[in-house]
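One-letter residues, chain by chain:
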Amino acid sequence: MEKNSQIKIVNVISGSNYGGAENFFERFSIALNKESDIMQKVIIRKNKRRYNLLAKNGLDIEELGFNGKWDLFTKKSLKKKCDIFQPDIILTWMNRASYLISDLDDSIIKIGRLGGYYNIKNYIYCDYLIANTEDIKNFIISKGWDPKKVFCINNFVAKNEKYLPQKKKSVNEKTLLGLGRFHENKAFEIIINALPKLKDFKLILIGEGNLKNYYQYESQRLGISHKVKIIDWVEDVSKYYLLADYLICPSRIEPLGNIIIEAWSYKLPVVASNIMGPKRLIKHKINGMKFEVENVDDLISCLNEINSNRTLKKKIVENAYKDYQKKFSKDVVIKKFKELFKRLKK
């Protein structure tokens, strides 16, 4: 394809080392780079792991400091890189990157992407906003944004099938999987508190954060440390999705719930708290199970019900996988982004 017929995009994130938005940014950038009608430059906060991952996948990538809103060096450097690249569109992820685009040429279409209920003042220099849930879209509009300038496009999830499920030592023992930051918002202690009443279940927790020692302490205090395995965050969690029997998402705050969609893609049934993103994603006993947030007994009840009812479990898995294919596959989501880019460029 002729270069002048391509859409030129600068894709920018500050972001931390790990996180739902950061992980999706990586998947999205790699997928977008494979589209022949897109020419992409990626600019990230200095991060060796992310740089190596994106470089390995052939992306045109540069690093900047992103040391806060008042980082004039990053602001000037970003402008200079855009002046050289001359993009049609700049796509900024989350607060910091979105606030540093005030000096860019007016000809550049500025799009901010939100995956949470952020301070909208950080997006005053954006022309359009993309939310990854309808609730976040409605939140943005409630803050005064023109509904015609706010869009909702779902995330897609990674799926790696190179691992084969390992044979379980006991057909009776079921494995629960928890994934995410070890932070109070994720509420993994709810699963740990449920385990003493779940005779034939064990738990694998994968993540990083300040509450790791607390989870270990609680497991020991409750006499279930032999049933809990805590693993530091790994790049590829595919084998754990394939090893597990259920994904548990007990969050107190969860704007979307990428792990739910990922579990669906692996045909892994999900039991989640009835809040925010999970509440919207899951239809109870149709494509998953929902329990009242922080209600240990309700979680136990949901697990026992789905685990004892093969018909219900089969229906949930099949419906969830259909939802994944219809709404959250890579091809579907990339197509929606490209259609939006083309429409806004006209």
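S.K.: Hey, could you go over the environment of Ile260 for me, with residue numbers and the actual values?
M.R.: Structurally, Ile260 is set in helix α9 (residues 258-265). Separated by 21 residues in the primary sequence, Ile260 and Leu281 place their C-alpha atoms 8.3 Å from one another. What Ile260 contacts, discounting residues up to four positions off in sequence, is Leu247, Cys249, Val270, Ala272, Pro278, Leu281 and Ile282.

S.K.: Give me the side chain of Lys290: which residues, what numbers.
M.R.: Along the chain, the position of Lys290 falls in strand β13 (residues 289-291). Here Lys279 takes part through its backbone oxygen, which lies 3.2 Å from a polar atom of the side chain of Lys290. If we ignore the near neighbours within four places in the chain, the residues touching Lys290 are Ala272, Asn274, Pro278, Lys279, Ile282, His284 and Cys302.

S.K.: So what's going on with α9? Residues and values would help.
M.R.: A large share of α9 lies buried, amounting to eight of its eight residues. Among all positions of α9, only Asn258, Ile259, Ile260, Ile261, Glu262, Ala263, Trp264 and Ser265 are buried. The positive-phi residue at the C-terminal boundary of α9 is Lys267, with phi of around 55°.

S.K.: Break down the nonpolar core for me, citing the residues and quoting the values.
M.R.: The biggest cluster of nonpolar side chains holds 59 residues, and the ones touching the most others in it are Phe28, Leu78, Ile90, Ile140 and Phe341. No other element matches helix α1 (residues 20-32), which puts seven residues into this core. Residue contacts for Phe341: discarding those within four places in its chain leaves Ile7, Ile9, Phe28, Leu32, Ile89, Leu91 and Ile111. Membership of the second largest hydrophobic core comes to 29 residues, among which are Ile190, Leu205, Tyr215 and Ile306.

S.K.: An account of the sheet that holds strand β3 (residues 60-64) is requested, with residue identities and associated values reported.
M.R.: Within the open sheet, the seven strands sit side by side as β3-β2-β1-β4-β5-β6-β7. Their pairing is parallel. Both outer strands of the open sheet, β3 and β7 (150-152), are each paired with one neighbouring strand and no more. Sheet twist, expressed as the average angle between the axes of neighbouring strands with direction ignored, equals 20°. As judged from the four bridges shared by strand β5 (residues 109-114) and strand β6 (residues 128-131), these two strands associate in the parallel manner. Its bridge partner lying in β6, Leu114 is registered against Ala131. Running at roughly 165° to β3, helix α2 (residues 48-56) makes contact with β2 (38-45) and β3 of the sheet. Along the sheet, helix α5 (residues 134-142) contacts β5, β6 and β7; its crossing angle with β7, the most-contacted strand, is approximately 170°.

S.K.: Can you explain helix α3 (residues 72-85)? Please cite residues and give values.
M.R.: Compared with an ideal rise of 1.5 Å per residue, which puts 14 residues at 20 Å, α3 spans 20 Å between its outermost C-alpha atoms and is within 8% of the ideal. All buried positions along α3 are accounted for by Thr74, Lys75, Ser77, Leu78, Lys81, Cys82 and Phe85. An end-on view of α3 places all buried positions within 165° of arc, on one side of the element. Among the exposed residues of α3, those oriented more than 90 degrees off its buried face are Leu72, Phe73, Lys76, Lys80 and Ile84. Regarding α3, its N-cap is Asp71, as a side-chain oxygen of that residue lies 3.3 Å from the backbone nitrogen of Phe73 further along. Looking at the residues trailing α3, positive phi occurs at Gln86, about 55°.

S.K.: How would you sum up a positive patch on the surface? Please name residues and give values.
M.R.: A cluster of basic residues, Lys283, Lys326, Lys327 and Lys336, forms a positive patch on the protein surface. Given the relative accessible area of 32%, Lys327 is considered partly exposed.

S.K.: I'd like a rundown of unusual backbone geometry, residues and numbers included.
M.R.: Positive phi is not limited to glycine here, since Lys285 has a value of about 65°. One can find Lys285 in the loop between α10 (276-281) and β13. For Lys285, a relative accessible area of 31% puts it in the partly exposed group. Positive phi outside glycine occurs at Glu294, with the angle close to 70°. Mapped onto the secondary structure, Glu294 falls in the loop between β13 and α11 (296-308).

S.K.: Please set out the packing of aromatic side chains residue by residue, giving values where relevant.
M.R.: For the structure on display, the rule yields 19 aromatic pairs. On the numbers, 6.1 Å between centres and 85° between planes, the contact of Phe182 with Phe188 is edge-to-face. Residue class for Phe182 comes out buried when judged on its relative accessible area of 2%. Grouping aromatic residues by their ring pairs yields a cluster made of Phe24, Phe25, Phe28, Trp93, Phe156, Phe337 and Phe341. When the ring centre of Phe85 is taken as reference, the NZ or CZ atom of Lys8 above it lies at 4.8 Å. Positioned over the ring face of Tyr321 is Lys267, at 4.7 Å from the centre of the ring.

S.K.: Outline the sheet that holds β13, listing residues and values.
M.R.: If you walk across this open sheet you meet the six strands as β10-β9-β8-β11-β12-β13, and the pairing is parallel. Each edge of the open sheet carries a strand with a single partner, namely β10 (228-232) and β13. Between one strand axis and the next, the sheet turns through 20° on average, direction left out of account. With six bridges connecting them, strand β8 (residues 174-179) and strand β9 (residues 201-207) associate as parallel partners.

Rules used throughout
Residues numbered from 1 in each chain as written. Predicted model: local features only at pLDDT ≥ 70, side-chain atom pairs only at ≥ 80, totals over all residues. Heavy atoms only, no water. Helix = DSSP H or I, 4+ residues; strand = E, 2+ residues; numbered from the N terminus. Contact = heavy atoms within 4.5 Å. Polar contact = N/O pair within 3.5 Å; in protein donor to acceptor, adjacent residues only side chain to side chain. Buried < 20%, exposed > 50% of the residue type's maximum accessible area, 1.4 Å probe, protein only. Core = buried A, V, L, I, M, F, W, Y, C linked by side-chain atoms within 4.5 Å. Pairing = 2+ DSSP bridges. Axes fitted to C-alpha atoms, helices over the stretch in contact; angles between N-to-C directions. Expected span 1.5 Å × (residues − 1). Arc of directions from axis to C-beta. Patch = residues over 30% accessible without salt bridge, like charges linked within 9 Å, V, L, I, M, F, W, Y side chains within 5 Å. Areas by Shrake-Rupley, 256 points an atom, 1.4 Å probe, with all protein chains shown as cover. Salt bridge = Lys/Arg side-chain N within 4 Å of Asp/Glu carboxyl O. Lys, Arg positive; Asp, Glu negative; His and termini not counted. Charge placed at Lys NZ, Arg CZ, Asp CG, Glu CD. Phe/Tyr/Trp six-rings, centres within 6.5 Å; stacked < 30°, edge-to-face > 60°. Lys NZ or Arg CZ within 6 Å of the ring centre and 35° of its normal.

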